[in-house]
Amino acid sequence: MLKTEPDSYVLNVTSKEDLSWAATEVIRFAADEKIWLFEGDMAAGKTTFIKAICAAKGVTDAVSSPTYSLVNEYETAEQERLYHFDFYRINSEEEALEMGVLDYFDSGNLCLIEWPSKIKSLLPETYLLVTLEVGAGEARTITLK
């Protein structure tokens with residue numbers, strides 16, 4: 001991990017084997033923050049990284065992309081709920097409102113959100129921003145703010 005400024009960190013991941021370590025670092029860095037936004041180009045590895053985070057949190061369910069369902073709900077062995085959103089295919093913020101996105105955000109449960117720019121005006125004031133940038137091969141640079 002490389003500290004870049006007081007409120008951000010950069011994780012350099014060289015392969016998928018590093019994702020478990022990186023997931024643990026994100027959990028530690030996030031502390032009590034419950035809204036995590038995942039930004040990155042298509043195929044940057046957002047869903048793959050979220051799978052690693054869910055594994056580190058002890059999710060017992062199969063983790064998959066909610067591209068068509070918009071949200072998947074997972075539960076850890078300790079009965080903690082996590083919500084995984086993918087707003088890539090959403091056409092308007094109204095669709096997110098209709099599915100009750102604000103209730104999810106207010107639930108106090110961890111919300112992992114792919115493509116948050118699609119619902120920009122609905123996002124809470126505070127959140128963890130996780131940006132993934134593609135490097136050579138499986139390498140990724142993951143910036144936390």
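Residues numbered from 1 in each chain as written. Predicted model: local features only at pLDDT ≥ 70, side-chain atom pairs only at ≥ 80, totals over all residues. Heavy atoms only, no water.

### What about the overall build of the protein chain?
Stage number 1. Counting its regular elements, the protein chain contains four helices and eight strands.
Stage number 2. Starting at the N terminus and walking to the C terminus, you meet the elements of the protein chain as β-β-α-β-α-β-β-α-α-β-β-β.
Stage number 3. Rg of the C-alpha trace for the protein chain: 14 Å, near the compact-globule value of 15 Å for 145 residues, within the 12% margin.
Stage number 4. The principal-axis extents of the C-alpha atoms in the protein chain amount to approximately 40 × 30 × 30 Å.
Stage number 5. Residues counted as buried form 44% of the 145 residues belonging to the protein chain. (Helix = DSSP H or I, 4+ residues; strand = E, 2+ residues; numbered from the N terminus. Rg over C-alpha atoms; globule rule 2.2 N^0.38 Å. Buried < 20%, exposed > 50% of the residue type's maximum accessible area, 1.4 Å probe, protein only.)

### As for the nonpolar core
Stage number 1. If you look at the biggest cluster of nonpolar residues, it comprises 27 residues, and the most contacted ones within it are Trp-36, Phe-38, Phe-49 and Ile-142.
Stage number 2. Apart from residues lying up to four places away in sequence, Trp-36 is in contact with Val-26, Ile-27, Ala-30, Ile-53, Leu-110, Cys-111, Leu-112, Ile-113 and Leu-128.
Stage number 3. Of all hydrophobic cores here, the second largest spans 16 residues; its members include Tyr-83, Val-101, Phe-105 and Cys-111. (Core = buried A, V, L, I, M, F, W, Y, C linked by side-chain atoms within 4.5 Å. Contact = heavy atoms within 4.5 Å.)

### Remarks on the environment of Ser-64
Stage number 1. Tracing the sequence through the fold places Ser-64 in the loop between helix H2 (46-57) and strand S4 (71-75).
Stage number 2. Taking the C-alpha atoms as reference points, Ser-64 and Gly-100, separated by 36 residues in sequence, lie 20 Å from one another.
Stage number 3. Ignoring anything within four residues of it in the chain, the contact list for Ser-64 reads Lys-51, Asn-72, Tyr-74 and His-84.

### Notes on the packing of aromatic side chains
Stage number 1. Per the stated rule, a full pass over the model turns up seven aromatic pairs.
Stage number 2. Look at Phe-38 and Phe-49: their rings are 6.5 Å apart centre to centre, the planes differ by 70°, and that puts the pair in the edge-to-face class. One end of the pair, Phe-38, is in strand S3 (residues 35-39); the other, Phe-49, is in helix H2, and 11 residues separate them in sequence.
Stage number 3. On the accessibility criterion, Phe-38 (0% relative accessible area) is buried.
Stage number 4. Centre to centre, the rings of Phe-85 and Tyr-104 are 5.3 Å apart; their planes meet at 85°, and the pair counts as edge-to-face. Placement of Phe-85 in strand S5 (residues 81-86) and of Tyr-104 in helix H4 (residues 101-105) is noted, with a sequence separation of 19 residues between them.
Stage number 5. Judged by its relative accessible area of 22%, Tyr-104 falls in the partly exposed class.
Stage number 6. Each member of the aromatic cluster is reached from another via a ring pair, and the members are Tyr-83, Phe-85, Phe-87, Tyr-104 and Phe-105. (Phe/Tyr/Trp six-rings, centres within 6.5 Å; stacked < 30°, edge-to-face > 60°.)

### Details of helix H1 (residues 19-30)
Stage number 1. In this model, H1 (12 residues) spans 16 Å end to end at C-alpha, consistent with the 16 Å of a helix rising 1.5 Å per residue.
Stage number 2. All of the buried residues along H1 are Leu-19, Ala-22, Ala-23, Glu-25, Val-26 and Ala-30. Down the axis of H1, the buried set is contained in an arc of 160°. They therefore lie on one face.
Stage number 3. Residues of H1 that are buried in the fold lie against strand S2 (8-13), S3, H2, strand S7 (128-134) and strand S8 (140-144). (Expected span 1.5 Å × (residues − 1). Arc of directions from axis to C-beta.)

### A closer look at unusual backbone geometry
Stage number 1. You will see that Leu-70, though not glycine, has its phi angle at about 75°, which is positive.
Stage number 2. Inspection of the secondary structure puts Leu-70 in the loop between H2 and S4.
Stage number 3. Phi at Gln-79 is positive, roughly 70°, even though this residue is not glycine.
Stage number 4. Inspection of the secondary structure assignment puts Gln-79 in the loop between S4 and S5.
Stage number 5. Taking the relative accessible area as the measure of exposure, Gln-79 reaches 55% and is therefore exposed.

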